[in-house]
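Per-entry structural report
If you want the building blocks of each chain, they are given just below.
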Amino acid sequence: MRQGVLPKIILAAYLVLLMLPIYWLINLSLRTNSDIMSGMALWPHNPTLEKYVHIFKDPTWVHAFGVSLTYVAINTIISVTVALPAAYAFNRYAFIGDKHLFFWLLTNLMAPTAVFAMPFFNLYYAVGLFDTVWGVALAHCLFNIPLAVWILEGFVGGVPREIDETAAIDGYSFPRFFVRIFLPLIANGIGVTAFFCFMFSWVEQLLATTLTATNALPFAAVMTRAYSVSGMDWSLLAAAGVLTMVPGAVVIWFVRNHIAKGFALGRV
Amino acid sequence: MTGKPINNRAWLFVLPVLAFVLFSSIIPVMTVVNYSIQDTMGANNFFWNGDGWFRDLLNPSTAIGARFDDALFRTLAFSLVCLMIEVPLGIAIALCIPRRGWLVGLTLVVMALPMLIPWNVVGTIWQIFTRADIGLFGAALTGLGLHYNVTQDPISAWITIVVIDVWHWTPLVILLSYAGLRAIPDAFYQAAQIDGASRWAIFFNIELPKLQKVLVIAVLLRFMQTFMIYTEPFVVTGGGPGSATTFLSIDLVKIALGQVDLGNAAAMSLVYYLITLTVCWIFFTIMTQLERRRDA
């Protein structure tokens, strides 16, 4: 139904507008500060990787990048692992309080993080998780686990119940059935869920910065270094900004075919 | 939802989820509840204040009440404007994406990119992009002779925050709508063609009804996220100029951390949270109703 030329033009124009701010960031990251301040340029005339080299040589930046990837990975693994049996239970069984529990889980997606930042700080400080990657990973579970349960429940529902019954008749114990038969069937869903857990943990910065000081400071928070009394280091800020997009771009490239399927289930 | 075996041992499957989420939710929420019903004279001496903070908050003639109403109005207006732009735009763009072909994958990847940028970096990108001296957007608008200044002109600040949100989150509506459109079988379109239905008729009679469910989800998610917006305006406008873009989250942090006015901030947090919950409960009910109707 979409054969005309007009839709293609609209789509192309939209994509160009969408990429423009990102392109501008890349443009600035390849120019020196004096070059940036001396005037506008639609593309870098004397491109330089100076700021990228600077970031890669500075242990603080490199450490922070590792920290960000670590807590995101821990969070994704915890969220998916814990959510799998729960999603199965919500989809396959009726139990006391199931609907209320499901809505309560979803309410945690709706809690404004700005509201709870300070109590979070108090809690994590008290239990000794302040300024650790585990603390940030655990804090992000607050919204990522409910999200994972929500998405996975949709995928579990896509597997016919007869498969569970057949496996039971064939003599599979439940854990064996779950790991050997059921998980491979929803591999797509696990991929999509992991992607969204990655995404929301990677982009969330308010809790991540509230709960850390130096050891576990996320990469995007180290960017405040570019704001200094001697003036803004626009070029450095831009280069660091570009680097924060790389992990997301890599991950989405790998899951691009699963994403459409995941969205098709109407979850997320 | 029908015909599920009743099995209360399923709770065992849910327990780990409960443990993880409870750890991070119950104690912070109770801390806020605690502050909301107590007052302090400093030095960690708290005493019972009953519903005092709430009565102040909900009374528009008090300073905090007026401030709360202003911020609430601003936030609701912001959510509404964003939804009114993002939902129609999202559907329109989704209709432009071809159903299949090698370009589809690439298009989806490019579209998802803004959503994968840390939120404070989104703020930074636009902080740079809207500057008149080094940013393309700011320079272009100024060059056209328009009065555009994010840090001094409230209208510029508002437009900027809305544009940022549209840029950042319309892709979510597009991806959801596109998935919904793809789920429509080709046979529906063929039947419409045989009947000689116009493009508009196809949209209103086939596509829009089929999109109903994903659109409810899209509106729910977008309402939640816009209603809770914090990082982007914090980075780009800092809530200003004046209090033009001081949305509820920003105002709360100002009251709680800036003025260390814990009682007022806590009462405000809870009322704010309850509003969000109520709206989401309404959407959730609509969503489950739709699902039930589909199953029946």
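The rules behind each value
- Residues numbered from 1 in each chain as written.
- Chains lettered and ligands numbered in written order.
- Predicted model: local features only at pLDDT ≥ 70, side-chain atom pairs only at ≥ 80, totals over all residues.
- Heavy atoms only, no water.
- Helix = DSSP H or I, 4+ residues; strand = E, 2+ residues; numbered from the N terminus.
- Contact = heavy atoms within 4.5 Å.
- Areas by Shrake-Rupley, 256 points an atom, 1.4 Å probe, with all protein chains shown as cover.
- Buried area = accessible area lost by both parts, 1.4 Å probe.
- Salt bridge = Lys/Arg side-chain N within 4 Å of Asp/Glu carboxyl O.
- Polar contact = N/O pair within 3.5 Å; in protein donor to acceptor, adjacent residues only side chain to side chain.
- Nonpolar A, V, L, I, M, F, W, Y, C, P; charged D, E, K, R; others polar.
- Phe/Tyr/Trp six-rings, centres within 6.5 Å; stacked < 30°, edge-to-face > 60°.
- 1 Å grid on protein atoms, 1.4 Å probe; cavity = no way out; pocket = protein on both sides within 12 Å on 5 of 7 lines; lining within 4 Å.
- Points joined across faces, edges and corners; volume = space filled by probe spheres on them.
- Core = buried A, V, L, I, M, F, W, Y, C linked by side-chain atoms within 4.5 Å.
- Buried < 20%, exposed > 50% of the residue type's maximum accessible area, 1.4 Å probe, protein only.
- Domains from an automatic or database assignment.
- Axes fitted to C-alpha atoms, helices over the stretch in contact; angles between N-to-C directions.
- Left-handed = near helix turned anticlockwise from the far one by under 90°.

This paragraph deals with the overall build of chain A. When you go through chain A residue by residue, the secondary structure sums to 13 helices and two strands. For chain A, the spread of C-alpha atoms along the principal axes amounts to about 75 × 60 × 30 Å. In chain A, the share of contacts with a sequence separation of at least 24, taken over all contacts with a separation of at least 6, comes to 76%. Accessible area for chain A stands at about 11100 Å²; split by element, carbon and sulfur atoms hold 69% of it.

Of the residues lining the interface, 96 residues belong to chain A; the matching set on chain B comes to 98 residues. In total, about 8700 Å² of surface goes out of reach between chain A and chain B, with carbon and sulfur atoms giving 80% of it. In this assembly, chain A and chain B are joined by zero salt bridges. Our count for the chain A to chain B interface comes out at 10 residue pairs in polar contact (both at pLDDT 80 or more). Among the elements that line the side of chain A that touches chain B, the one with the most residues is helix H1 (residues 6–29) of chain A, at 14 residues. Partitioned by chemical class, the residues of the side of chain A that touches chain B number 81 nonpolar, nine polar and six charged.

All names here are of chain A. Applying the stated rule across the entire model yields 38 aromatic pairs over all chains. Considering the side-chain rings of Tyr88 and Tyr93, the 6.2 Å spacing of their centres and the 75 degrees angle between planes classify their relative orientation as edge-to-face. On the numbers, 5.2 Å between centres and 85 degrees between planes, the contact of Tyr88 with Phe182 is edge-to-face. Placement of the pair is Tyr88 in helix H4 (residues 59–92) and Phe182 in helix H9 (residues 174–185), with a sequence separation of 94 residues.

Bringing empty space enclosed by the protein into the picture now. Following the criterion strictly, the structure yields three cavities of 30 Å³ or more and no others. Roughly 530 Å³ of volume is contained in the largest cavity. Mapped by element, the contributors of at least two residues to the lining of the largest cavity are helix H6 (113–126) and helix H7 (133–157) of chain A together with helix H7 (154–182), helix H9 (199–227) and helix H10 (231–236) of chain B. It is H7(A) that provides the largest number of residues to the lining of the largest cavity, a total of four residues. Split by residue class, the lining of the largest cavity holds 18 nonpolar, six polar and three charged. Its boundaries defined by the atoms lining it, the second largest cavity holds a volume of some 50 Å³. Secondary-structure elements contributing two or more residues to the lining of the second largest cavity are H6 of chain A together with helix H1 (11–36) of chain B. If one sorts the elements of the lining of the second largest cavity by residue count, H1(B) sits on top with four residues. Residue composition of the lining of the second largest cavity, grouped by class: seven nonpolar, three polar and no charged.

Before going further, it helps to spend a moment on the nonpolar core. Counting residues in each nonpolar core, the largest one holds 189 residues, and the members touching the most others are Val149(A) and Met111(B). Tallying contributions element by element places H7(A) first for this core, with 17 residues. Shared between two domains, this core takes at least three residues from each, and those domains are domain 1 (1–48) and domain 2 (49–265) of chain A. For Val149(A), the contacting residues outside a window of four places in its chain are Ala83(A), Ala86(A), Ala87(A), Phe90(A), Phe102(A), Leu105(A) and Val17(B). Ala114(A), Tyr230(B), Ile250(B) and Val253(B) belong to the second-largest nonpolar core, a separate cluster that totals five residues.

Once that is clear, we can look at the environment of Ile174(B). Counting through the fold element by element, Ile174(B) comes out in helix H7. Discounting chain neighbours no more than four positions away, the residues touching Ile174(B) are Tyr14(A), Gly90(B), Ile93(B), Ala94(B), Ile97(B) and Met111(B).

All names here are of chain A. By the assigned domains, chain A splits into domain 1 (1–48) and domain 2 (49–265). Each of domain 1 and domain 2 has a C-alpha centre, and the two are 30 Å apart. Listed per partner, the contact involves 12 residues of domain 1 and 13 residues of domain 2. Roughly 940 Å² is buried in total at the junction of domain 1 and domain 2, and carbon and sulfur atoms are behind 66% of that figure. Interface area lost by domain 1 to domain 2 is led by Leu25, Ser29 and Asn33, which between them contribute 48%. Put simply, domain 1 and domain 2 have zero salt bridges between them. Joining domain 1 to domain 2, the criterion identifies six residue pairs in polar contact (both at pLDDT 80 or more). Secondary-structure elements contributing two or more residues to the side of domain 1 that touches domain 2 are H1 and helix H2 (33–38). Here the side of domain 1 that touches domain 2 takes five residues from H1, the largest share from any one element. Each residue belonging to the side of domain 1 that touches domain 2 can be placed in one class, and the counts come to seven nonpolar, four polar and one charged.

Further remarks concern the packing of helix H5 (residues 98–107) of chain A against H1(B). Two elements in contact, H5(A) and H1(B), have axes whose closest approach is 11 Å; the angle formed by their N-to-C orientations is 35 degrees. For the crossing formed where H5(A) meets H1(B), the hand is left-handed. Facing Leu101(A), Trp104(A) and Leu105(A) of H5(A), the residues of H1(B) in contact are Trp11(B), Val14(B), Val17(B), Leu18(B), Val21(B), Leu22(B) and Ser25(B). Tallied by class, residues from the contact of H5(A) with H1(B) come to nine nonpolar, one polar and no charged.

This brings us to the environment of Leu18(B). Counting through the fold element by element, Leu18(B) comes out in helix H1. Sequence separation between Leu18(B) and Pro233(B) is 215 residues, and the spatial gap between their C-alpha atoms is 33 Å. Those residues within four positions of Leu18(B) in sequence are excluded, and the remaining contacts are Leu101(A), Trp104(A) and Trp11(B).

Looking at the secondary structure, you find Gln205(A) in the loop between helix H10 (187–203) and helix H11 (206–210). Within the structure, Gln205(A) has its side chain in polar contact with the backbone oxygen of Trp202(A) (distance 3.4 Å).

A few words now on the pattern of salt bridges. If charged atoms from side chains of opposite charge come close, those side chains can pair. All names here are of chain B. Enumeration over the complete set of coordinates arrives at eight salt bridges over all chains. Arg222 is the salt-bridge partner of Asp165, the closest N and O atoms lying 2.5 Å from each other. Pair noted here: Asp165 is in helix H7 and Arg222 is in helix H9, with a separation of 57 residues, a long-range link. According to the relative accessible area criterion, Arg222 is buried, its value standing at 1%. Residues joined by salt bridges that share partners form a network here, namely Glu86, Asp165 and Arg222.

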